[in-house]
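Each chain is listed here by its residues.
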Amino acid sequence: MMAAKARISAAILLVCIILPLLASAFLDHLPEVLEHDSRIKDVTIRGDNNIVGANDNDFTLPRSHEKKNERSLKEKKSKKKKHKKKKNKKGKKSHKDKTFDFDHIFGGNQQEGDEFSPYLQPVDAPQTIEEQEQAENYDGLREGFYQKTCPHAENIIRNGLIRAFQNDSTIAAAFPRLLLHDCFVNGCDGSILLDTTPSGARVEKLAGTNGATVKGFELIDEIKDELERQCPGIVSCSDILVYLSRDAFVLSGLPNYNVLGGRRDGMESNEANIVGNLPLPGDTVDQMIDLFQKKGLNSEDLVVLIGAHSIGVAHCFNFLYRLDEPEKAQMLDPRLAGVMRFMCTNQMNTLPFDPTTQYKMDSIFYKQLMIKKGLIESDQILAQDIRTRGFVQKFGDDEMGWFDKFGKAMNKLGAIEVLTGNQGQIRRQCRAVN
């Protein structure tokens with residue numbers, strides 16, 4: 001009996017004294033997150049077919065762990081930012097327009113046929129409806145046309161021009177003139193380069209509006225010979241002329257612009273086709289706008305492309321007559337008239353279109369027109385006519401805006417009545433058909 005009472009007393013002692021002490025010790029070591037918190041919220045976790053209820057405390061870590069985790073997150077964010085910054089720095093490219101670096105071109109070690117070309121840039125998708133329609137009009141022509149069939153073509157053409165430019169800086173203005181005179185007569189088919197044709201007709205280059213005022217044929221021959229050695233029967237003469245024109249402008253300070261390739265060469269050249277198809281120094285604004293519209297170019301394109309006269313010269317016979325007619329003489333700055341009289345002792349003498357920066361493409365040419373210092377009458381009247389004066393003023397004030405429009409206008413010019421696909425031929429030499 002006494003033994004039973006002793007066991008009962010020990011059990012009561014265990015329940016009343018020892019167990020509470022153990023429970024208290026246990027609770028002292030529990031994480032603080034298990035302390036009572038009345039702020040209970042339902043959190044819904046969605047699985048495929050399950051919805052589980054939970055509260056904030058189910059997702060809370062002890063404070064010591066929170067601090068550790070915060071440091072970890074900060075370190076990760078810091079590393080991520082550094083990595084992103086490093087990556088951006090490495091991959092960052094300048095979006096500024098590029099022009100030729102003369103020191104690099106003339107002093108560098110780049111050889112003909114090198115893979116690098118500042119012109120081979122990614123083709124951007126058309127951004128506007130106008131550009132999309134324009135892209136459709138260039139059907140058969142595309143940027144980087146020779147990348148697979150003759151990857152060094154653009155470098156060979158450019159390097160040939162650079163060599164010639166070192167010896168004669170006036171050569172740059174020759175190729176844009178050749179291009180316009182080619183494209184406005186039966187399209188951009190290289191017909192102005194032909195010396196003879198199967199028909200035996202007098203060729204375009206012999207016409208009075210060409211003749212002594214066009215040059216550069218020998219350089220085109222040299223470039224064509226090099227291209228034929230590298231890529232026989234691939235690069236057309238009409239494309240050579242387009243690439244040379246672009247390179248001439250870039251050498252003269254215009255930011256680089258991409259050009260389209262894929263033209264094929266025509267097999268006819270006839271002096272008679274020139275009549276009514278080329279702009280003349282004495283043309284009225286009506287005549288110029290009408291002619292450009294027939295070629296798919298508008299009045300703004302007319303003023304944009306006239307800016308090519310920022311470089312180059314004009315022969316005295318193209319403007320000296322202005323001094324003899326009082327009405328026309330009134331449109332001349334008196335000092336310019338004096339220079340004309342002094343320099344033009346021979347009709348074949350020349351004066352620069354822009355004497356201030358004769359070898360540089362810039363907007364000064366337009367500024368000169370606004371103060372009656374245009375050498376050619378057809379240039380000068382663009383600054384007087386209400387339909388074109390605004391463009392002259394605009395491009396004189398906004399050189400970069402003109403630069404941007406110039407490349408686009410040149411591509412429109414280079415797409416006039418082109419031969420593509422199986423039309424025409426790829427001449428083996430530019431002066432004669434195959």
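Cut-offs and rules
- Residues numbered from 1 in each chain as written.
- Predicted model: local features only at pLDDT ≥ 70, side-chain atom pairs only at ≥ 80, totals over all residues.
- Heavy atoms only, no water.
- Helix = DSSP H or I, 4+ residues; strand = E, 2+ residues; numbered from the N terminus.
- Buried < 20%, exposed > 50% of the residue type's maximum accessible area, 1.4 Å probe, protein only.
- Areas by Shrake-Rupley, 256 points an atom, 1.4 Å probe, with all protein chains shown as cover.
- Phe/Tyr/Trp six-rings, centres within 6.5 Å; stacked < 30°, edge-to-face > 60°.
- Lys NZ or Arg CZ within 6 Å of the ring centre and 35° of its normal.
- 1 Å grid on protein atoms, 1.4 Å probe; cavity = no way out; pocket = protein on both sides within 12 Å on 5 of 7 lines; lining within 4 Å.
- Points joined across faces, edges and corners; volume = space filled by probe spheres on them.
- Nonpolar A, V, L, I, M, F, W, Y, C, P; charged D, E, K, R; others polar.
- Domains from an automatic or database assignment.
- Disulfide = S-S within 2.5 Å.
- Core = buried A, V, L, I, M, F, W, Y, C linked by side-chain atoms within 4.5 Å.
- Contact = heavy atoms within 4.5 Å.
- Patch = residues over 30% accessible without salt bridge, like charges linked within 9 Å, V, L, I, M, F, W, Y side chains within 5 Å.
- Salt bridge = Lys/Arg side-chain N within 4 Å of Asp/Glu carboxyl O.
- UniProt positions renumbered as here; feature names shortened; annotations may be inferred.
- Polar contact = N/O pair within 3.5 Å; in protein donor to acceptor, adjacent residues only side chain to side chain.
- Arc of directions from axis to C-beta.

**Quick notes on the overall build of the chain**
Of regular secondary structure, the chain possesses 16 helices and 6 strands. Counting all 434 residues of the chain, 41% fall into the buried class. Summed over its atoms, the accessible surface of the chain is roughly 25300 Å², and 53% of this surface lies on carbon and sulfur atoms.

**Focus: the packing of aromatic side chains**
For any two aromatic rings, the description comes down to two numbers: the centre-to-centre distance and the angle of the planes. According to the stated counting rule, one finds 10 aromatic pairs in the structure shown. Look at Trp-402 and Phe-403: their rings are 5.4 Å apart centre to centre, the planes differ by 35 degrees, and that puts the pair in the tilted class. Like Phe-403, Trp-402 is buried. Aromatic ring contacts, followed pair by pair, group Phe-249, Phe-365, Tyr-366, Phe-391, Phe-395, Trp-402, Phe-403 and Phe-406 into a single cluster. Residue placement shows Lys-205 over the ring face of Phe-217; its charged tip is 3.9 Å from the ring centre. One cation-aromatic arrangement involves Lys-295 over Phe-184; the distance from NZ or CZ to the ring centre is 5.9 Å.

**Digging into the layout of surface pockets**
Its boundaries defined by the atoms lining it, the second largest pocket holds a volume of some 970 Å³. Lining the second largest pocket we find 45 residues, and of these Arg-177, His-181, His-309, Val-313 and Phe-353 sit closest to its centre. If you list the elements that add at least two residues to the lining of the second largest pocket, you get α6 (174–183), α9 (285–294), α10 (299–306), β5 (313–315), α14 (377–380) and α16 (399–413). By residue number, the principal contributor to the lining of the second largest pocket is α6, which donates 5 residues. In terms of residue class, the lining of the second largest pocket is built from 29 nonpolar, 13 polar and 3 charged. Two domains each donate at least three residues to the lining of the second largest pocket, and these are domain 1 (142–273) and domain 2 (285–413).

**Points about the state of the cysteines**
Enumeration according to the criterion identifies 4 disulfides in this entry. Note on cysteine connectivity: Cys-316 is disulfide-linked to Cys-344, with sulfurs 2.1 Å apart. Around the S-S axis, the bridge from Cys-316 to Cys-344 shows a dihedral of about -80 degrees and counts as left-handed. One end of the pair, Cys-316, is in the loop between β5 and α11 (326–329); the other, Cys-344, is in the loop between α12 (334–343) and β6 (350–352), and 28 residues separate them in sequence. Classification of Cys-316 by relative accessible area gives buried; the value is 0%. Along the chain, the cysteines engaged in disulfide bonds are linked according to the scheme 1-4, 2-3, 5-8, 6-7 when indexed in sequence order.

**Quick word on the nonpolar core**
One finds Phe-175, Phe-184, Ile-220, Leu-227, Phe-249 and Phe-406 to be the most contacted residues of the largest nonpolar core, which totals 80 residues. Broken down by element, the residue count for this core peaks at 9 residues, all from helix α8 (residues 237–251). Residues lining this core come from more than one domain, with at least three contributed by each of domain 1 (142–273) and domain 2 (285–413). The residues touching Phe-175, leaving out its near neighbours within four places in the chain, are Leu-161, Gly-216, Leu-219, Ile-220, Leu-241, Leu-244 and Ser-245. Of all hydrophobic cores here, the second largest spans 14 residues; its members include Leu-320, Leu-336, Cys-344 and Leu-351.

**Quick notes on a nonpolar patch on the surface**
Residues Val-339, Phe-342 and Met-343 make up a contiguous nonpolar surface patch of roughly 300 Å² in combined accessible area. Relative to the assigned elements, Met-343 resides in helix α12. Since its relative accessible area comes to 35%, Met-343 is described here as partly exposed.

**Thoughts on the UniProt feature "binding site: substrate" (unreviewed entry) in the chain**
Mapped onto the present numbering, the UniProt feature "binding site: substrate" (unreviewed entry) falls on Pro-279. You can see Pro-279 is positioned in the loop between β4 (260–261) and α9. Judged by relative accessible area, which is 27%, Pro-279 ranks as partly exposed. When sequence neighbours within four positions are dropped, the list of residues in contact with Pro-279 reads Leu-180, Phe-184 and Leu-291.

**A look at the environment of Ser-199**
Tracing the sequence through the fold places Ser-199 in the loop between α6 and α7 (217–230). Sequence spacing of Ser-199 and Ser-269 is 70 residues, and the spatial spacing of their C-alpha atoms is 8.9 Å. A distance of 3.1 Å separates polar atoms of two side chains, one belonging to Ser-199 and the other to Glu-268.

**With respect to α12**
Inspection of α12 places Leu-336, Ala-337 and Met-340 among the buried residues, and these make up the whole buried set. All buried residues of α12 lie within an arc of 105 degrees about the axis, which places them on one face of the element. Seen from the open side of α12, the exposed residues pointing more than 90 degrees away from its buried face are Pro-334, Arg-335, Arg-341 and Phe-342. Looking at the buried side of α12, the elements it contacts are β6. The backbone nitrogen of Arg-335 lies 3.0 Å from a side-chain oxygen of the residue at the head of α12, namely Asp-333.

**Structural notes on the side chain of Arg-263**
With respect to the element layout, Arg-263 can be found in the loop between β4 and α9. Relative accessible area serves as the criterion here: at 1%, Arg-263 is assigned to the buried category. Within polar-contact distance, the side chain of Arg-263 engages the side chain of Asp-239 at 2.6 Å. Apart from residues no more than four positions distant in its own chain, Arg-263 is found in contact with Leu-141, Tyr-146, Cys-188, Ser-236, Ser-238, Asp-239, Val-242, Gly-414, Val-418, Leu-419 and Ile-426.

**Comments concerning the pattern of salt bridges**
Under the definition given, this model contains 18 salt bridges. A salt bridge links Arg-431 to Asp-195; the shortest N-O distance between them is 3.0 Å. In this pair, Arg-431 is assigned in the segment after α16 and Asp-195 in the loop between α6 and α7, connecting sequence segments 236 residues apart. Note on Arg-431: relative accessible area 22%, which makes it partly exposed. Note that Asp-333 and Arg-335 form a salt bridge whose closest N and O atoms lie 3.6 Å from each other. On the basis of relative accessibility, which here comes to 10%, the residue Asp-333 falls in the buried class. Accessibility expressed as a relative area gives 60% for Arg-335, which makes it exposed. Members of the salt-bridge network, linked through shared partners, are Asp-195, Lys-205, Asp-221 and Arg-431.

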